[in-house]
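Each chain, letter by letter, is given below.
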Amino acid sequence: MHSPEVAAQHTISVVIPLYNSAAMLPELMERLARVLPTLTDEFEVILVNDGSRDESWPAAKKAAKTYPFVHAINLMRNYGQHNALLCGIRSAKYATTVTMDDDLQHPPEEIPKLLAKLDTGFDVVYGTPASERHGFWRDLASQVTKLALQNAMNIDVARDVSAFRAFRTLLRGGFAGYSSPYVSLDVLLTWTSTKFSSVTVRHDTRKSGVSNYTFWNLVTHALNMITGYSTKPLQLASVVGLVFTFFGFIVLVWVIVQFFISGSVVPGFPFLASIIAIFSGAQLFALGIIGEYLARMHFRTMDRPTYAVRADTRTDA
């Protein structure tokens, strides 16, 4: 019997990137096996092992043998959560895709809430925790990442983005040809639709291990999003250049006025050194931003893959 919370019948592909989650995977699969049949008759779970250093791949293969609806993919190395998600999404065969973490913090029992909200006319729905505490620095980095997302996605719901999401699989058509090694799934989804929403869901504590997203991981991800999907940094460099040009003009006027009023130039090496340092810093700042964009163009010309698959239980004998 299907859940009364879901207004329309869905066919569901659940995509889960795995990284050092062998200890948690059995419980996660048991809970999914209980929940999904109550929602639809057609569903699958796609497990993408993203270069785990533990026994996650053997655990994923075991899950594929135990549950007929499981499809396991093993990547050649660790490419990152969003790259692994993109791999799984491209393998999805059903109309609705649900993504979630492998650490049991996203309860499978909350999936009906995402689907019910999706049925009200949205294309993407995020499951936002009512409260989420990871410590000061991790929370700060999360806020920086969400600000970067808001800038790159240009939608109001960007501050509610989470890895627990449901969306219509047909949206992947908008980024079918995407091949950059830098991936932000949330930004890619905005290439196809602007119908985003969120719903409050329960957020459980991690039962084993520690989060693989550190402060610096999140900051790096934020910088990748800003420079990878937006021209705002280049515009900022232009503004900085304009401001310091205006500042230099003001200094020049001041020097000339001082000369005509007192008959002497502005004295002192410290003044000159300070002005040179300020303008040199502004130039290096602008060059650094331009360098980031050139580096991305360089990696594009190298044709680095978004991911590479080592093994696939659906196609391998």
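The following paragraphs examine the structure supplied in this document.

About the criteria used
Residues numbered from 1 in each chain as written. Predicted model: local features only at pLDDT ≥ 70, side-chain atom pairs only at ≥ 80, totals over all residues. Heavy atoms only, no water. Helix = DSSP H or I, 4+ residues; strand = E, 2+ residues; numbered from the N terminus. Buried < 20%, exposed > 50% of the residue type's maximum accessible area, 1.4 Å probe, protein only. Contact = heavy atoms within 4.5 Å. Pairing = 2+ DSSP bridges. Axes fitted to C-alpha atoms, helices over the stretch in contact; angles between N-to-C directions. Core = buried A, V, L, I, M, F, W, Y, C linked by side-chain atoms within 4.5 Å. 1 Å grid on protein atoms, 1.4 Å probe; cavity = no way out; pocket = protein on both sides within 12 Å on 5 of 7 lines; lining within 4 Å. Points joined across faces, edges and corners; volume = space filled by probe spheres on them. Nonpolar A, V, L, I, M, F, W, Y, C, P; charged D, E, K, R; others polar. Phe/Tyr/Trp six-rings, centres within 6.5 Å; stacked < 30°, edge-to-face > 60°. Lys NZ or Arg CZ within 6 Å of the ring centre and 35° of its normal.

## Focus: the environment of lysine 117
Okay, so step 1: Tracing the backbone through its elements, the reader meets lysine 117 in helix 4 (residues 111-118).
Okay, so step 2: With relative accessibility at 28%, the residue lysine 117 sits in the partly exposed group.
Okay, so step 3: When the C-alpha positions of lysine 117 and alanine 166 are compared, they lie 9.3 Å apart, and in sequence the two are 49 residues distant.
Okay, so step 4: Apart from residues no more than four positions distant in its own chain, lysine 117 is found in contact with Phe122, Val125, Ser197 and Ser198.

## Focus on the sheet that holds strand 3 (residues 70-75)
Okay, so step 1: Here we have 8 strands laid out as an open sheet, ordered 7-5-6-4-1-2-3-8, and mixed in their pairing. Where the open sheet ends on each side, the last strands, each with one partner, are strand 7 (196-201) and strand 8 (309-312). Taken over all neighbouring pairs, the strand axes of this sheet differ in orientation by 20 degrees on average, direction set aside.
Okay, so step 2: Of the strand pairs in this sheet, strand 2 (residues 43-49) and strand 3 are connected by 5 bridges, and their pairing is parallel. Across the sheet, valine 45 pairs through a bridge with valine 70, a residue of strand 3.
Okay, so step 3: Running over the sheet, helix 2 (residues 56-66) touches strand 1 (12-18), strand 2, strand 3 and strand 8 and is turned about 155 degrees from strand 3.

## Some thoughts on the nonpolar core
Okay, so step 1: Judged by nonpolar contacts, the single largest core of 38 residues is most densely connected at Ile16, Met29, Leu32, Val45, Leu47, Val70 and Ile111.
Okay, so step 2: Those elements giving two or more residues to this core turn out to be strand 1, helix 1 (25-35), strand 2, helix 2, strand 3, helix 4 and strand 7.
Okay, so step 3: If near-sequence neighbours (up to four positions away) are discounted, valine 45 is found in contact with Val14, Ile16, Met29, Leu32, Leu36, Phe69, Val70 and His71.
Okay, so step 4: In this structure, Tyr79, Val124, Phe167 and Tyr307 belong to the second largest nonpolar core, which totals 25 residues.

## Things to note about the environment of threonine 315
Okay, so step 1: With respect to the helices, strands and loops of the structure, threonine 315 is situated in the segment after strand 8.
Okay, so step 2: Distance from threonine 315 to histidine 71, taken between C-alpha atoms, is 9.7 Å for residues 244 residues apart in sequence.

## Focus on empty space enclosed by the protein
Okay, so step 1: A full pass over the atoms with the stated rule returns 1 cavity of 30 Å³ or more.
Okay, so step 2: By volume, the largest cavity is sized at about 30 Å³.
Okay, so step 3: In terms of lining residues, the largest cavity is bounded by Gln105, His106, Gly127, Pro129, Ser162, Val201, Arg202 and His203.
Okay, so step 4: Residue composition of the lining of the largest cavity, grouped by class: 2 nonpolar, 5 polar and 1 charged.

## Some thoughts on the packing of aromatic side chains
Okay, so step 1: The final tally for this structure, using the stated rule, is 4 aromatic pairs.
Okay, so step 2: Judged by centre distance (5.7 Å) and plane angle (70 degrees), the rings of tyrosine 178 and tryptophan 191 are edge-to-face. Within this pair, whereas tyrosine 178 is found in the loop between strand 6 (165-168) and helix 6 (185-190), its partner tryptophan 191 is found in the loop between helix 6 and strand 7, the two being separated by 13 residues in sequence.
Okay, so step 3: Looking at tyrosine 178, the relative accessible area reads 9%, which means it is buried.
Okay, so step 4: Residue class for tryptophan 191 comes out partly exposed when judged on its relative accessible area of 45%.
Okay, so step 5: Each residue in the set Phe43, Tyr67 and Phe69 is aromatic and connected to the rest through ring pairs, giving one cluster.
Okay, so step 6: Over the ring of tyrosine 79 we find arginine 77; its NZ or CZ atom is 4.2 Å from the centre of that ring.

## Here's the deal with the side chain of aspartate 186
Okay, so step 1: In this structure, aspartate 186 sits in helix 6.
Okay, so step 2: The class for aspartate 186 is buried, based on a relative accessible area of 3%.

## Some words on the side chain of threonine 128
Okay, so step 1: Take threonine 128: it is sitting in strand 5 (residues 124-129).
Okay, so step 2: In this structure threonine 128 comes out as buried when scored by relative accessible area, which is 13%.
Okay, so step 3: Residue contacts for threonine 128: discarding those within four places in its chain leaves Asp160, Ser198, Val199, Thr200 and Val201.

## Brief notes about unusual backbone geometry
Okay, so step 1: Even without being glycine, asparagine 20 reaches a positive phi, approximately 55 degrees.
Okay, so step 2: Locating asparagine 20 in the fold gives a position in the loop between strand 1 and helix 1.
Okay, so step 3: The class of asparagine 20 is partly exposed, set by a relative accessible area of 21%.
Okay, so step 4: Even without glycine at this site, leucine 104 takes up a positive phi of about 70 degrees.
Okay, so step 5: On the secondary structure map, leucine 104 appears in the loop between strand 4 (96-99) and helix 4.

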